[in-house]
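# Residue-level structural notes
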There are 4 protein chains.
Amino acid sequence: MLTCLTAGESHGPQLTAIISGLPANLPLAAADIDLDLARRQCGYGRGGRMTIERDRVEFRSGVRHGLTTGAPLTLVIANRDWENWERRMSAAAADRDTADPVTRPRPGHADLPGCLKYCQHDTRNILERASARETAIRTAVGATAKKLLAVCGIRVWSWVTGIGNIDIAPPTGRNPEDLHRRAEESPFRITDPNREAELVRLVDDVKQAGDSLGGTFQVAVTGVPAGLGSHIQHHTRLDGRLAQAMMSIQAIKGVEIGIGFAAARRRGSTVHDPIGWKPGRGFGRESNRAGGIEGGMSNGEDILLTAAMKPIPTLYQPLASVDMISKEPFAAGIERSDVCAVPAAAVVGEAAAAWEIAAALLEKFGGDHLDEIRRAVETYRADLATF
Amino acid sequence: MLTCLTAGESHGPQLTAIISGLPANLPLAAADIDLDLARRQCGYGRGGRMTIERDRVEFRSGVRHGLTTGAPLTLVIANRDWENWERRMSAAAADRDTADPVTRPRPGHADLPGCLKYCQHDTRNILERASARETAIRTAVGATAKKLLAVCGIRVWSWVTGIGNIDIAPPTGRNPEDLHRRAEESPFRITDPNREAELVRLVDDVKQAGDSLGGTFQVAVTGVPAGLGSHIQHHTRLDGRLAQAMMSIQAIKGVEIGIGFAAARRRGSTVHDPIGWKPGRGFGRESNRAGGIEGGMSNGEDILLTAAMKPIPTLYQPLASVDMISKEPFAAGIERSDVCAVPAAAVVGEAAAAWEIAAALLEKFGGDHLDEIRRAVETYRADLATF
Amino acid sequence: MLTCLTAGESHGPQLTAIISGLPANLPLAAADIDLDLARRQCGYGRGGRMTIERDRVEFRSGVRHGLTTGAPLTLVIANRDWENWERRMSAAAADRDTADPVTRPRPGHADLPGCLKYCQHDTRNILERASARETAIRTAVGATAKKLLAVCGIRVWSWVTGIGNIDIAPPTGRNPEDLHRRAEESPFRITDPNREAELVRLVDDVKQAGDSLGGTFQVAVTGVPAGLGSHIQHHTRLDGRLAQAMMSIQAIKGVEIGIGFAAARRRGSTVHDPIGWKPGRGFGRESNRAGGIEGGMSNGEDILLTAAMKPIPTLYQPLASVDMISKEPFAAGIERSDVCAVPAAAVVGEAAAAWEIAAALLEKFGGDHLDEIRRAVETYRADLATF
Amino acid sequence: MLTCLTAGESHGPQLTAIISGLPANLPLAAADIDLDLARRQCGYGRGGRMTIERDRVEFRSGVRHGLTTGAPLTLVIANRDWENWERRMSAAAADRDTADPVTRPRPGHADLPGCLKYCQHDTRNILERASARETAIRTAVGATAKKLLAVCGIRVWSWVTGIGNIDIAPPTGRNPEDLHRRAEESPFRITDPNREAELVRLVDDVKQAGDSLGGTFQVAVTGVPAGLGSHIQHHTRLDGRLAQAMMSIQAIKGVEIGIGFAAARRRGSTVHDPIGWKPGRGFGRESNRAGGIEGGMSNGEDILLTAAMKPIPTLYQPLASVDMISKEPFAAGIERSDVCAVPAAAVVGEAAAAWEIAAALLEKFGGDHLDEIRRAVETYRADLATF
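Given the structure is predicted, the values throughout are model-derived calculations rather than measurements.

Cut-offs and rules
- Residues numbered from 1 in each chain as written.
- Chains lettered and ligands numbered in written order.
- Predicted model: local features only at pLDDT ≥ 70, side-chain atom pairs only at ≥ 80, totals over all residues.
- Heavy atoms only, no water.
- Helix = DSSP H or I, 4+ residues; strand = E, 2+ residues; numbered from the N terminus.
- Rg over C-alpha atoms; globule rule 2.2 N^0.38 Å.
- Buried < 20%, exposed > 50% of the residue type's maximum accessible area, 1.4 Å probe, protein only.
- Contact = heavy atoms within 4.5 Å.
- Lys, Arg positive; Asp, Glu negative; His and termini not counted.
- Charge placed at Lys NZ, Arg CZ, Asp CG, Glu CD.
- Least-squares fit on C-alpha atoms with pLDDT ≥ 70 in both.
- Pairing = 2+ DSSP bridges.
- Axes fitted to C-alpha atoms, helices over the stretch in contact; angles between N-to-C directions.

Further remarks concern the overall build of chain A. Across its full length, chain A holds 11 helices and 17 strands. Its C-alpha atoms give chain A a radius of gyration of 22 Å, near enough to 21 Å, the size a compact globule of 387 residues would have. Summarising its shape, the C-alpha atoms of chain A cover approximately 70 × 50 × 40 Å along the three principal directions. Counting the 387 residues in chain A, one finds 68% classified as buried. Of the contacts formed within chain A by residues at least 6 apart in sequence, a portion of 70% connects residues at least 24 apart. Of the side chains in chain A, 46 bear a positive and 47 a negative charge, and the two mean positions are spaced by 2 Å.

Our focus in this paragraph is unusual backbone geometry. Positive phi values are uncommon outside glycine, yet Ala251 of chain A reaches one of about 80°. Within the secondary structure, Ala251 of chain A is located in the loop between helix H8 (238–247) and strand S10 (252–257). By relative accessible area, Ala251 of chain A is classed as buried at 18%. The residue His65 of chain B is not glycine, and still its phi comes out positive at about 55°. Within the secondary structure layout, His65 of chain B lies in the loop between strand S4 (63–64) and strand S5 (67–68). Take His65 of chain B: its relative accessible area is 6%, and that puts it in the buried class.

The operation linking the two copies of the chain is a rotation about an axis combined with a translation along the axis. Of the transformation placing chain B onto chain A, the axial shift is 0.0 Å and the rotation is 180°, giving an RMSD of 0.0 Å. Taken together, the rotation angle and the small translation identify this as a two-fold axis. By C-alpha distance to the rotation axis, the residue of chain B lying nearest is Gln244 of chain B, at 2.4 Å. Residue by residue, 100% of the interface of chain B is reproduced at the interface of chain A, so both copies engage with the same surface.

Residues and elements named next belong to chain D. Taken in spatial order, the four strands line up as S1-S2-S6-S3 in an open sheet, and their pairing is antiparallel. Single-partner strands in this sheet number two, and they are strand S1 (3–7) and strand S3 (57–61). Looking at each pair of strands side by side, their axes are set apart by 20° on average, direction ignored. As paired strands, S1 and strand S2 (residues 14–20) are joined by five bridges and run antiparallel to one another. Across the sheet, residue Thr6 finds its bridge partner in S2, namely Ala17. Seen against the sheet, helix H1 (residues 30–41) touches S3 and strand S6 (73–78) and runs at an angle of roughly 140° to S3.

So far we have only geometry, and geometry alone does not tell us how the molecule works.
Have a look at this one:
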């Protein structure tokens, strides 16, 4: 069973992940993962930190001579700014007086509920872990999952479909790979280069106003065979698991599968995807409004997810809050200064989806080394083609 | 730890749930649960089966003389139509020839992916479990969770916000209890009685056309103290868990928390909820666009979820499909005949949310009997008020 | 993933289990399971209840026309004495006055710790669930697992190796199947018919003295391929999981794998099993002191477990205790009257081991229907033979 | 919920653990943990590596200024010999040719089953993770759990009760703390200094003969309130969980609770512990043959575990094996050279037990920060005293 824990603070020495249950003999190089780490750091409207942190992953266990061994993988991403935070974030009790407590919780962050839950009067003890910095290691974990998926013919793609109130619908009739390729060339991760200028103006205006922007993005997973997840219990359904994965990304407030909320507005005859069959291919569909999932299982079509990201809650234009000690009102300050992180969130969304699909894949096919898994998947695909 | 498994086929003898980890001394009567079972069966536009099945729960373990004992609870809901299905659904090998296989998978259902996954050529072996009939037992499980929540001052509410392309926004300035009370009086579970006639016309028209309708509904949970769920791992975040719970309800294709997708379109200064403080109450907010969750934790405000339900996939107006044996195309037939089940889905949504909140509550507060839990919650609420 | 919950009280209407994650197309008949239920009820020295309860399982879901469908299985065993307990054990609050509370906890039972934990002053609310009656449904669950294992060439066996202070070492040079066959013919489940008379005298003497007996038994699992479980985390190790399974059977106080405690007394050169290799077979061992597990993984040899059962704690000859209400000392009374249940415990031990092995098998091989699993196991066995 | 993953190879750069779910505000210093790491490295009969590796833990997350924050803890123990292994154990594919594969599996190790399972022909890819080196990080994890337990008045102790065929029964009438204190002063971790010389001779003789020794040890947990674990499901029982914890330590082949196997040989009247009651204390026992667990729950008495460790499987005196490539027989070589590691295993046993008890404690009492947990435990203890 594929399991993972992550750890690490935003200004601590490092982020760490342990992944347990990966099959042996999977080719894995730091460069594979660093590519996604770099992709996560791109995007128009990011603040200064993205320049400081050129994230690189290091393996501290589980990979030997370029291949996984079946043993747990340890991934580490160093925080390059650590030297400036060493005493303020030190583990040693002796350093307790080196840092003034941060007693002012910021609206829209984990600050206040975290302090209440864990009885902290220094929000740094919450915000350091709740920070979206955590998505760096989640991206690394997802990049690892993608390597496994790729061996089985499964690929993960993403693109942005809206920034603030500007929608950028992907052009119709394009497959996910093509949309992704276009997004890779855009600082906004959008699929229509003609719309870039409009977004630049929006982001610049909003930055000028000291405000921030959210948006929407899509993640597609192609090559998924029918039958991942299961209808048998509500917690085994793939749609639920993918919704959990996406909604648990920092700042995500909405998730759709397939046409999502639009499905609620249409009549049934224009929603459900007719079933076809062709020799060689087997069963398939002409449309994919279901987004690749029926009855809580993949149905063989592309899995299509849309997520809504709220605007970054740290604004130059301050929000009202109350000091936790003095109970005096104040205007919430700035810890960092991105205006818009939707392109980065799309890359994190790929990672989140990749992880869930990989977990579901291993549940269905078992296997402790790459050939065993690949063989099981191929045999099953052949079975489906002739079902 | 609160865990649950459910079982049972739509036309089998019964639905069953085992709930393990409930505290002792919780007052529990079948009538408490039957009320929600009845609420799930109401709604304009339901087909004939709802008349057959007046669901009643029976306890087969875990409750003695009106109180839970800490032992696992067994809930059973008999399927009243069982006598007509006894041989077709029999467990005995000897009855194998009593039922013709159903070889024609219906678009929008689990039929095809389930048959492919489990290597079945009789979709009855899939559809019987994948059926929304399962939501009856899930409702019973959720009603049990609600009883526990109520003791701790937590209540769960719901109302419908749209049927097909007709939106019924809840009136502003009303609290969830009031909206719920209005919904209880409406066959569409809506909050504005003046809109009923419009919906009756829509449903009747669509029924006439042999088509079906989906819609949207909201679930609110009030009285939740700050600090359920946690920011520390992505799988411990309450937003992710609630998204999983809602998306795993049959036919749900979208989930929002708070203002959801609308948050993606607004600027940050109009999204995040300013923090206030009052003696006696402690910290709180004037607005609740976050829907009661920040940083993956409840923040003390009402939790607000919206879900999108696709139209029922079984239509009089048939959809193209292909026979699994002959590979001949056919027009997909009708197994049941609801036109719209959104009001029922809202009641199931209450159950799904109640279960997750109850699980998160027990994780945070522990406790093996009611007084222990109630005491822990009250002590914590007092701590929060004076934090 | 194979999961299971059980429920039910000793004098409630029924015992129930839900098993989720079984593959489809497994042939399953009630008679298969009833055989093990009957075996659990045999044995010299059992009290009156074993006559009342001729346990029979019923399927309430998950099996259709003799085959599993992949949907969750519901197993029910009715308690035949229920009519005499209906009001005393009733779920209805109205029946609260029909039963005097049992306020006298019995040493050696769950009575006292359970009442303290769950804040109960009527030990019936604890003892009914903690009773070894629960092992009936656990046996049924294990019998289901055995059916799956048998399809993959894996079989589970047991025999008794001691009653009280009389040891009955199994004859050397016999394989598990042979030892099991002998045990099946013995009312003590022993492997040497010449020792029966001695045990009869012991049990009769002890019964006369109002006392009780424990003993030891062995469970063997044959046909297990190398590689179930894993060394990668302590909780994935098969030895730990089997120890958990055995120790969690009521009254078990010790567990050994292979030669167990004897290994601690020998020198290494006489403990570890030399590795051999033969064309066609592949790797193997001449000895099996490891009991089929090395490094937390099955190594291809027979898995061999030994368990120690304490004497039944309910004695005619009473034990000192204290009333929970009056705090007056008393001599603990009798709820039931078996003198020795070691043969039954051996059958339960088979079930406990079968379940864990089946869970580990599905984790390694995945698969959603029988052919898929069988094919994966066979391919792997072929790989091992030519490794 | 308390969860943990560990990672790291014996000759890799480091061992790592992530612990998630620890409460906030727990005082934690590296020195607390290093003490147990040093205790694990002591003992007569250890080989050369113990000198190389003076283990020290470092926190990489989760502790700030001497207190936990509720965020996941990252523990790292550097392998001091790493520089000599860097290329042989490198993660880089480019280093593949720097190390000859180890193709000769050693009996009694994970080597062969691990290679078969993960399809490895270089046993280093298995043995590096399966090595007892992993117990260093498990000890660190357990030391963290002990800190939490200590705050709640729960302490963990251990001593050795036998080396090879020499039994060292602890003197009667001594409490665990006293026995532990004696053990701390002994290179064999025994409780009777008069037996040291005898053991020195044994170990020296066995070393001379190129052989190895196992033994037995006990772990006691004091101050555990009644009611940890539960009788309600077999997997929630504390006895099963502790058996899993102990049996999953490398080289453990047997586990007992209380008098264990001896209970199987006695009559019931001499096994079960009579129940008493005293004002102020509440319920208690005069004897503790149950080892502190009845019905799968702690009963308020000391928890007492015994484990059997097989002799170290790496011998100077070689064992027959077969090369995985050539299929030629060979005599299995030496990777390291301890003769006896039972004293170290006892320290690891403390850690394994501490972790399970801490997990069960948090399940029962919940709580996100230290005061909350301490308060819940104290309130419960007061309830028990007046039950």
